[in-house]
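# Observations on the three-dimensional arrangement
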Amino acid sequence: MWFRSLEWYACPMCHAALRLKILDERRVDLSPEYLALAKELGRLDADFNRFVESGALLCDHCRVVYPIVEGLPVLIPYTTPTHAEFEAAHKALLAALPQYKWPAKTSVPGEEFVMRSFAAEWRDYDYDGVIWDLSYEDHEKRFLAEIGEQMLHDGQEGTFVEIGCGLGLTTLFAAKDLRCDAIGVDLSLAVLRATAQFKDNPFLHFVQGSAFYLPLRPLIANVIYSHGVLHHTYSTQDAVTAVTQHCARGGWIYLWLYGSGSKKGSVARRFAFALEETVRPSIARHLSAPPVKATLSVMACAYLAVNFVHRLRDPSVEKYTFANAVHAARDRFTPMFAHRHDYPEVAGWLRNAGFNCLEKVDWRTMPTANQANYRRNTGVRGKRVTT
Ligand SMILES: C[S@@+](CC[C@H](N)C(=O)[O-])C[C@H]1O[C@@H](n2cnc3c(N)ncnc32)[C@H](O)[C@@H]1O
Ligand SMILES: [Zn+2]
């Protein structure tokens, strides 16, 4: 973690500020472009290039210790296998903090499972220029179309927070397009890969955390962005309510959620939805079993065929490799939860949380490869009322 990111992080349980204990840190040689931007934004100081590789974050209020592993702060309110590994490697540090314990909250329903299934989904992905069926270039265009001109304008030079950032590609585009510090939060260890991949960018910050217990100070985000995430939790509404607490007054939120259109339409689409509803719960429960792996490979072949047809219709759709197809099949068939919500419902939640300027994102503004996706699903943006 960049040393200076301490100013945004907070205990996920009580939201108090955290104290940093450094075990290992380095000074990063930053590119002239980043240094110039940091200077322009008034963020360049003696600590700007300090990167903490390992250490601990302490909450003096809860008397809890959170590990920093390979540059990644692990700010979830319960333990995972990462904690045991950290404990084995850093016995002396923990022995010197006898009054601090690991966090021991109970996770929200299904969350530890969701963490494992998505870790498996991202583990084999390569940063290969294609994400889902989009080139990185189209992915960035999609991001800009999602947030729209007003959010792009108001979010400049502020703090951007992405919930469920996966491998951090959108977080990267946000930092660039909004000329801001961008924080990517994800429940899975995809963020460990993102931390390593983008370790030379001092405007990118990744943290392992849950949407239900965001390890961030309240009201810090000028833009909160979340695409394809909150419907994968036990309650989309509770997740939306939790993340809105971190949006600054006058700040913006963008959410993309599965919509009911994804279960309607052609016979093939209805069949795919019925198949998903039938097999997803049992696939989710037996993720590492060999028959599940074989089933996912068969499904990946179906994805390759669909991708082939899509590319005949629209050449801007990227060609799937087998790995891309397995990733897409995993995304559809392995999550434990996949709820569907339409615009009026989501807009109602946001209105109750104090947002206005609510708007359903127009699918026609998307790159062509993604328009159908936006017709069927729900992209919503809104602004938090200032008074
Ligand atoms: C379908 S992926 C989408 C990733 C990325 N937003 C994208 O569009 O490529 C869903 C991501 O949400 C994360 N996730 C699921 N539940 C979460 C939660 N409660 N808090 C934070 N992240 C969560 C998963 O780990 C996964 O990386
Ligand atoms: Zn605390």
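Residues numbered from 1 in each chain as written. Chains lettered and ligands numbered in written order. Predicted model: local features only at pLDDT ≥ 70, side-chain atom pairs only at ≥ 80, totals over all residues.

## A short note on the overall build of the chain
- Regarding its fold elements, the chain presents 13 helices and 13 strands.
- Relative to a compact globule of 387 residues, whose C-alpha radius of gyration would be 21 Å, the chain shows 21 Å and is just as compact.
- Each principal axis of the C-alpha distribution contributes one length, and for the chain these read about 60 × 50 × 40 Å.
- In the chain, which comprises 387 residues, the share counted as buried stands at 43%.
- At a minimum sequence separation of 6, the contacts of the chain that also span at least 24 residues come to 73%. (Helix = DSSP H or I, 4+ residues; strand = E, 2+ residues; numbered from the N terminus. Rg over C-alpha atoms; globule rule 2.2 N^0.38 Å. Buried ≥ 20, exposed ≤ 12 C-beta atoms within 10 Å, placed from the backbone. Contact = placed C-beta atoms within 7 Å.)

## Some details on the sheet that holds strand β2 (residues 50-59)
- Reading across from one edge, β1-β2-β3-β4 is the order of the 4 strands in this open sheet, with antiparallel pairing throughout. Unpaired on one side and paired on the other, β1 (19-27) and β4 (72-73) mark the two borders of the sheet.
- Both strand β3 (residues 64-69) and β4 contribute to a ladder of 2 bridges, which runs antiparallel. Residue Ile 68 lies in a different strand from β4, and its bridge partner there is Pro 73. (Pairing = 2+ DSSP bridges.)

## Overview of the sheet that holds strand β11 (residues 247-257)
- Taken in spatial order, the 7 strands make up an open sheet running β9-β8-β7-β10-β11-β13-β12, and their pairing is mixed. In this open sheet, the two edge strands, each paired with only one partner strand, are β9 (204-208) and β12 (355-360). Between one strand axis and the next, the sheet turns by 15° as a mean value, whatever way the strands run.
- With 5 bridges connecting them, strand β8 (residues 181-186) and β9 associate as parallel partners. Across the sheet, the residue bridging to Val 185 is Val 207, located in β9. (Axes fitted to C-alpha atoms, helices over the stretch in contact; angles between N-to-C directions.)

## Some words on the packing of helix α5 (residues 136-154) against helix α6 (residues 169-177)
- Direction vectors running N to C along α5 and α6 enclose 55°, while the axes themselves pass 10 Å from each other. With respect to α6, the axis of α5 lies oblique. In the packing of α5 onto α6, the handedness of the crossing is right-handed. Along its contact with α5, which presents Tyr 136, His 139, Glu 140, Phe 143, Leu 144 and Leu 152, the element α6 presents Leu 169, Thr 170, Phe 173, Ala 174 and Asp 177.
- Here the residues of the contact of α5 with α6 are counted per class, giving 7 nonpolar, 2 polar and 2 charged. (Parallel < 35°, antiparallel > 145°, perpendicular 65-115°, else oblique. Left-handed = near helix turned anticlockwise from the far one by under 90°. Nonpolar A, V, L, I, M, F, W, Y, C, P; charged D, E, K, R; others polar.)

## Here's the deal with the site of ligand 1
- Taken together, 21 residues lie around ligand 1, and Phe 118, Gly 164, Gly 166, Ser 188 and Ala 211 are the ones closest in.
- Among the elements that take part in the shell around ligand 1, helix α4 (residues 111-123) stands out by supplying 3 residues, more than any other. (Near = placed C-beta within 6 Å.)

## A look at helix α11 (residues 322-333)
- Compared with the 16 Å implied by 1.5 Å per residue over 12 residues, the 16 Å span of α11 between its first and last C-alpha is a close match.
- Every buried residue of α11 is accounted for by Asn 324, Ala 325, Val 326, His 327, Ala 328, Ala 329 and Arg 330. (Expected span 1.5 Å × (residues − 1).)

## As for the domain arrangement of the chain
- Structurally, the chain comprises domain 1 (3-106) and domain 2 (107-387).
- The straight-line distance from the C-alpha centre of domain 1 to that of domain 2 is 26 Å.
- Tallying the contact residues gives 25 residues for domain 1 and 27 residues for domain 2.
- Those elements that provide at least two residues to the side of domain 1 that touches domain 2 are α1 (32-40) and β4.
- For the side of domain 1 that touches domain 2, the per-class residue count stands at 19 nonpolar, 5 polar and 1 charged. (Domains from an automatic or database assignment.)

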